[in-house]
Amino acid sequence: MAEVARQQLVDRLQSDDSASRLQALRCIKNCVIGNRRQKQHYIHLDAVKLLVAVLASPTADAAQLVQAAAAVGSFAASKEGLLSVIHHRGLLHLLKVLQSSEDVKVVEAAVRAVKSVCRTADEPILDVLSPPSLGVLPRLVSLLASPTSNVAESSAAVLACCCDRGREQQNAVAVAGAVQPLVALLASQQHSKQEAALAALAALSSGNAATSEDILEHASVLSSLLGAIKRGRSPHTRFVAAVCLVNLSQHIPALGQEELSTPQGLQQAVLPVLVQLLDADMAENVPGALCQLVEHSAELQLAAADADAVAKLCAILRQQWRAPPVVEGALRCLAALCSKREEQRRQVVDARVLPVVVAALSHQSLPMRAAACMCMRSLSRSTKLLRGHLGDVQLAAPLLALVDEGDTEVAAQAMGTLTNLAVDFSAVKEQLLAHDGVARFAALADSMQPVLRLHGVWGLSSVAYMAAPEVKQSIAHHLPWSSVVALLEDSEPEVREKVMLLLRNMLHSERNIEAVLTWSCNALLEAARDVLQRSEGQAAAELKHHALYVVVNMASSTAAHKEAVMQSGWPPLLVQQLRDENEQVREAAVWAIINLTWSRDGDAEETAVRVQQLRLLGVEEELRRLEQDECIAVKERASTALDQLRALEGGGDDDVAMEAVV
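Note that residues are indexed from 1 along each chain, following the sequence as it is written. Only residues with pLDDT of at least 70 are given local features in this predicted model, and only at 80 or more are side-chain atom pairs given and counted; all residues enter the totals for whole chains, interfaces and linings. To get the side-chain values, take all heavy atoms of the structure and skip hydrogens and water.

**Focus on the overall build of the protein**
Note the cut-off: The way it works is that DSSP assigns letters per residue, a run of H or I at least four long becomes a helix, a run of E at least two long becomes a strand, and they are numbered from the N terminus. What the globule rule says is 2.2 Å times the number of residues to the power 0.38, and the radius of gyration is computed from C-alpha atoms. Burial classes: relative accessible area under 20% of the type maximum marks a residue as buried, over 50% as exposed, and values in between as partly exposed (1.4 Å probe, protein chains only). For the accessible areas, the method is Shrake-Rupley and the probe is 1.4 Å, while residue cover comes only from the protein chains on display. Charge assignment: positive for Lys and Arg, negative for Asp and Glu; neither His nor the chain ends contribute. Just so you know, the charge point we use is NZ for Lys, CZ for Arg, CG for Asp and CD for Glu.
Along its length, the protein carries 42 helices and zero strands. Compactness check: the protein gives a C-alpha radius of gyration of 34 Å against a globular reference of 26 Å for 662 residues, more than 25% above the reference. The principal-axis extent of the C-alpha atoms belonging to the protein is close to 120 × 60 × 45 Å. Within the protein, the fraction of its 662 residues that count as buried is 56%. Accessible area for the protein stands at about 28,800 Å²; split by element, carbon and sulfur atoms hold 50% of it. Taking the 60 positively charged and 76 negatively charged side chains of the protein as two groups, their mean positions are separated by 9 Å.

Here it is as structure tokens:
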């Protein structure tokens with residue numbers, strides 16, 4: 001019986017009798033508002049199509065338009081109803097009604113329905129800016145000054161939705177003149193109008209310097225926003241005001257001597273508000289806003305940590321009912337707070353949320369997986385803290401899956417995490433090998449993307465560190481020497497540095513040296529020498545450091561390997577590096593001298609020849625000078641080298657120094 005009654009109402013939407021049609025419109029509207037089941041029934045009876053037809057009808061009077069718009073807005077609040085509204089071009093006809101009508105009630109119903117569609121849909125809002133609707137933005141802007149509260153608030157909400165779609169839409173809203181009336185709305189005595197203006201200004205200023213500067217031209221904005229974060233009537237008001245200030249603070253010039261007229265002053269004012277709001281039971285992504293505020297400022301990160309932000313963020317991760325965007329924001333914020341500070345990493349580990357972070361690596365949402373990866377990478381910079389907490393957790397598989405996602409930034413984060421963990425976690429290294437990690441790293445080392453090349457080589461260097469001979473053989477198999485040569489000439493300095501680190505780690509055992517020389521066709525020392533000679537400036541210090549330790553490790557081996565160093569053009573370079581401005585480079589050069597002048601059983605004559613060659617190059621004078629070096633490690637190593645030279649000169653047979661293998 002009910003189905004028959006519904007069908008009769010739907011049929012009356014096409015009635016020629018205006019009063020009958022209006023009654024049907026009112027009945028259907030009243031039935032579907034707040035009633036999902038009734039909406040489904042009427043959708044299946046094609047009611048949405050007929051409601052949109054009423055909006056499009058030139059004969060529909062104001063009363064019919066009000067009821068039809070309200071009903072369409074109600075349908076749009078459900079997923080199935082929204083799809084039907086979109087399919088029948090309901091938004092476009094609502095916009096036409098909004099533009100053409102001057103009736104206050106029609107305008108109110110239409111703009112509220114548009115808001116309902118825009119807040120629910122991903123794409124239809126683009127219709128607002130499409131050619132048939134070019135006049136709608138000025139119309140929405142004009143409605144911001146409406147004395148009818150619902151009209152002004154709904155117009156602000158629609159403009160905010162427009163701005164959420166990107167910079168082009170933000171600029172279009174600003175050009176339409178929205179800034180001034182939104183600022184005026186912000187000063188309203190009505191709380192609902194203030195909140196609507198805050199949301200629109202937050203969307204308008206997000207990541208857009210031009211629109212932010214337009215907003216900042218209004219002198220009252222900052223004082224209004226600062227008042228809102230301190231005295232806002234609800235946590236939501238304080239949050240949206242804080243988001244506005246975060247957006248604007250990135251583009252504000254120094255407006256005066258007062259602290260709150262500077263970017264730093266505004267950010268310091270917003271920080272405690274956002275940290276406090278982490279405790280609030282809110283749908284908004286407070287952690288995400290806090291992350292945006294602190295991610296590029298070590299000072300703000302420290303202030304947030306001092307305000308107990310880490311503990312609050314960990315508490316959010318433990319609350320399983322939290323919405324995914326909030327959890328994602330918490331992970332990203334923890335990644336920022338733990339990126340450089342050991343104390344904060346310890347807090348996260350002690351809070352026992354590592355299982356949550358690891359589980360998020362396999363979440364169905366890519367943004368969530370990326371956020372978990374960022375967090376794990378920050379934590380992986382302190383593997384000693386993770387030891388004992390990860391247990392038998394399988395990390396390699398989900399991280400390698402992120403490498404395969406196709407997103408360069410996410411792949412780099414995943415690779416960076418694996419690189420950190422593989423150095424110190426034998427379990428992770430074993431997992432990598434079980435999942436063809438060497439082959440996959442080697443493939444990335446050949447990528448056209450510099451960041452992936454970097455992490456591919458870096459990952460191989462971590463796997464090679466103190467690895468078994470068979471692992472190093474696998475690296476040599478998957479990364480031909482021709483690829484190494486190309487990487488040593490890479491346009492990115494950091495790539496060249498990590499390749500040299502790989503070579504250093506490949507030599508980290510005397511039993512591997514012959515295999516590495518075979519891999520390089522005996523060109524290893526010459527390649528390292530050429531790279532060092534091409535290295536200039538302080539930025540090259542790390543590369544030179546690794547190149548020198550290639551020599552250190554080679555010189556720690558047999559007399560034949562020491563002789564290979566002497567014949568490769570390295571000795572003059574070693575003496576030259578004793579004067580390098582970087583203390584790590586000087587220390588590595590001294591270690592190479594120590595290893596070259598250390599005698600094994602039965603090679604005293606060969607050692608004496610090497611010592612004489614080095615003396616002719618002036619090594620003794622340089623070592624004496626380094627005995628006064630400001631770096632204690634360099635000074636001690638220089639004294640050891642000189643003692644060794646003197647012992648050899650005196651014919652003593654006591655070992656003065658041990659060889660260094662690093």
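**Details of the nonpolar core**
Filter applied, for reference: Think of a nonpolar core as a cluster: buried Ala, Val, Leu, Ile, Met, Phe, Trp, Tyr and Cys residues, connected wherever their side-chain atoms sit within 4.5 Å. It only takes one pair of heavy atoms within 4.5 Å for two residues to be counted as in contact.
Counting 233 residues, the largest nonpolar core has Leu274, Leu290, Leu331, Trp570 and Leu623 as its most contacted members. Setting aside residues up to four positions removed in sequence, Leu331 forms contacts with Leu317, Val357, Ala360, Met368, Ala371, Ala372 and Cys375.

**A short note on empty space enclosed by the protein**
For the record, the criterion: Detection works on a 1 Å grid of protein atoms alone, calling trapped sets that fit a 1.4 Å probe cavities and calling open sets with protein on both sides within 12 Å along at least five of seven lines pockets, with lining residues defined by an atom within 4 Å of a point. Grid points are joined across faces, edges and corners, and a volume is the space filled by probe spheres set on the points. Under the scheme applied here, ten amino acids are nonpolar (Ala, Val, Leu, Ile, Met, Phe, Trp, Tyr, Cys and Pro), four are charged (Asp, Glu, Lys and Arg), and all others, including Gly, are polar.
Across all of its chains, the model carries one cavity of 30 Å³ or more by this definition. Here the largest cavity is characterised by a volume of approximately 40 Å³. Considered class by class, the residues forming the lining of the largest cavity number eight nonpolar, no polar and two charged.

**Details of unusual backbone geometry**
With a phi angle near 60 degrees, Arg89 is a residue other than glycine that sits in the positive phi range. Mapped onto the elements, Arg89 comes out in the loop between helix H6 (79–87) and helix H7 (90–100). Phi angles above zero are rare outside glycine, and Asn522 is one such case at about 60 degrees. As for its position among the elements, Asn522 is in the loop between helix H34 (513–519) and helix H35 (524–534). Taking the relative accessible area as the measure of exposure, Asn522 reaches 57% and is therefore exposed.

**Observations regarding the pattern of salt bridges**
As a working rule, side chains carrying opposite charge can pair if their charged atoms are close by. Using the following cut-off: Any Lys or Arg side-chain nitrogen located within 4 Å of an Asp or Glu carboxyl oxygen qualifies as a salt bridge.
Throughout the structure, instances matching the rule amount to 19 salt bridges. Note that Lys498 is salt-bridged to Glu497, the shortest N-O span being 3.1 Å. Taking relative accessible area as the criterion, Glu497 reaches 14% and is therefore assigned buried. Where Arg625 meets Glu622, a salt bridge forms, and the shortest distance between an N and an O atom there is 2.8 Å.

**Looking at the packing of aromatic side chains**
Counted only if it meets this: Paired rings are identified among Phe, Tyr and Trp, the last through its six-membered ring, by centres lying within 6.5 Å, and are further divided according to the angle between planes into stacked (under 30 degrees), edge-to-face (over 60) and tilted (the rest). When the NZ atom of lysine or the CZ atom of arginine is within 6 Å of a ring's centre and also within 35 degrees of its normal, the charge is said to sit over that ring.
Enumeration according to the criterion identifies one aromatic pair in this entry. Aromatic pair Trp481 and Trp519: ring centres 5.3 Å apart, planes at 80 degrees, arrangement edge-to-face. Here the residue Trp481 occupies a position in helix H32 (residues 481–488), and Trp519 occupies one in helix H34, the gap between them amounting to 38 residues. Just above the ring of Tyr549 sits the side chain of Arg504; from NZ or CZ to the centre is 4.3 Å.

**Here's the deal with the packing of helix H10 (residues 149–163) against helix H13 (residues 191–205)**
Our working rule: Angles shown run from 0 to 180 degrees and are taken between the N-to-C directions of axes, each axis being a line fitted to C-alpha atoms and, for helices, limited to the stretch in contact. Should an angle fall under 35 degrees it is taken as roughly parallel, and over 145 as roughly antiparallel, whereas 65 to 115 is taken as roughly perpendicular and any remaining angle as oblique. Rotating anticlockwise by less than a right angle from the far helix to the near helix defines a left-handed crossing, while the corresponding clockwise rotation defines a right-handed one.
Contact pair H10 / H13: the axes reach a minimum separation of 8 Å and the direction vectors enclose 15 degrees. Comparing their axes, H13 and H10 come out roughly parallel. In this structure, the crossing between H10 and H13 has a hand that is left-handed. Residues Ser149, Ala152, Glu153, Ala156, Ala160 and Cys163 of H10 pack against Ser192, Lys193, Ala196, Ala199, Ala200, Ala203 and Leu204 of H13. When the residues that make up the contact of H10 with H13 are grouped by side-chain class, the tally is nine nonpolar, two polar and two charged.

**Thoughts on the layout of surface pockets**
If you add up the space inside the largest pocket, you get close to 730 Å³. Asp164, Ala199, Ala202, Ala203 and Val240 are the residues nearest the centre of the largest pocket, which is lined by 27 residues in total. The set of elements that each furnish at least two residues to the lining of the largest pocket consists of helix H8 (104–120), H10, H13, helix H16 (235–249) and helix H18 (286–294). In the lining of the largest pocket, the residues fall into twelve nonpolar, eight polar and seven charged.

**Some details on the environment of Ala280**
Structurally, the position occupied by Ala280 is in the loop between helix H17 (263–277) and H18. For the pair formed by Ala280 and Asp103, sequence separation is 177 residues and the distance between their alpha carbons is 42 Å. Excluding anything up to four places from it in sequence, Ala280 contacts Pro235 and Arg322.

**So, a nonpolar patch on the surface**
Formally: Patches draw on residues past 30% relative accessible area with no salt bridge. Two like charges within 9 Å are joined, as are two nonpolar side chains (Val, Leu, Ile, Met, Phe, Trp, Tyr) within 5 Å.
A contiguous nonpolar surface patch, about 260 Å² in accessible area, is contributed by Val423, Tyr465 and Met466. When you line up the elements, Met466 lands in the loop between helix H30 (450–464) and helix H31 (469–478).

**What to know about the state of the cysteines**
Applied cut-off: Disulfides are defined as cysteine sulfur pairs within 2.5 Å.
Summed over all chains, the structure comprises zero disulfides. Counting only cysteine sulfurs, Cys161 is the nearest neighbor of Cys118, a cysteine outside any disulfide, at a range of 5.4 Å. The class for Cys118 is buried, based on a relative accessible area of 2%.

**Side note on the side chain of Asp580**
With respect to the secondary-structure elements, Asp580 resides in the loop between helix H38 (570–577) and helix H39 (583–596). Those residues in contact with Asp580 that lie beyond four places of it in its chain are Lys544, Val585 and Arg586.

**Side note on the environment of Pro263**
With respect to the secondary-structure elements, Pro263 resides in helix H17. Here Pro263 is in contact with Ser249 and Ile252, once residues within four sequence places are set aside.

**Description of the packing of helix H36 (residues 541–555) against H38**
It is at 12 Å that the axes of H36 and H38 come closest, and there the two elements cross at 130 degrees. As summarised for this structure, H36 and H38 are arranged oblique, according to the angle between their axes. Crossing of H36 over H38 shows left-handed handedness. Facing H36, whose interface residues are Lys544, Ala547, Leu548 and Val551, H38 presents Trp570, Leu574 and Gln577. For the contact of H36 with H38, the class distribution of residues is five nonpolar, one polar and one charged.

**A word on helix H9 (residues 136–143)**
The element H9 is largely enclosed, with a buried count of six among its eight residues. What H9 keeps buried is the set Val136, Leu137, Arg139, Leu140, Val141 and Leu143.

**What about helix H15 (residues 220–231)?**
A turn of α-helix holds 3.6 residues, and therefore any two residues three or four places apart point the same way. Our working definition: For a helix, the expected span equals 1.5 Å multiplied by the residue count minus one.
Over its twelve residues, H15 extends 16 Å from the first C-alpha to the last, a length consistent with the 16 Å expected when each residue adds 1.5 Å. Listing the buried residues of H15 in full gives Val221, Leu222, Leu225, Leu226, Gly227, Ala228 and Ile229. Where the residues of H15 are buried, they touch helix H12 (179–186), H13, helix H14 (209–216), H16 and H17.

**Quick word on the confidence of the model for the protein**
The condition is simple: For every residue, the predictor states its confidence as a pLDDT score lying anywhere from 0 to 100.
Across the protein, the average pLDDT comes to 88, with 93% of residues at or above 70. Low pLDDT, under 50, characterises residues 651–659; the stretch is placed with 22 contacts to residues that sit more than four places away or in other chains.

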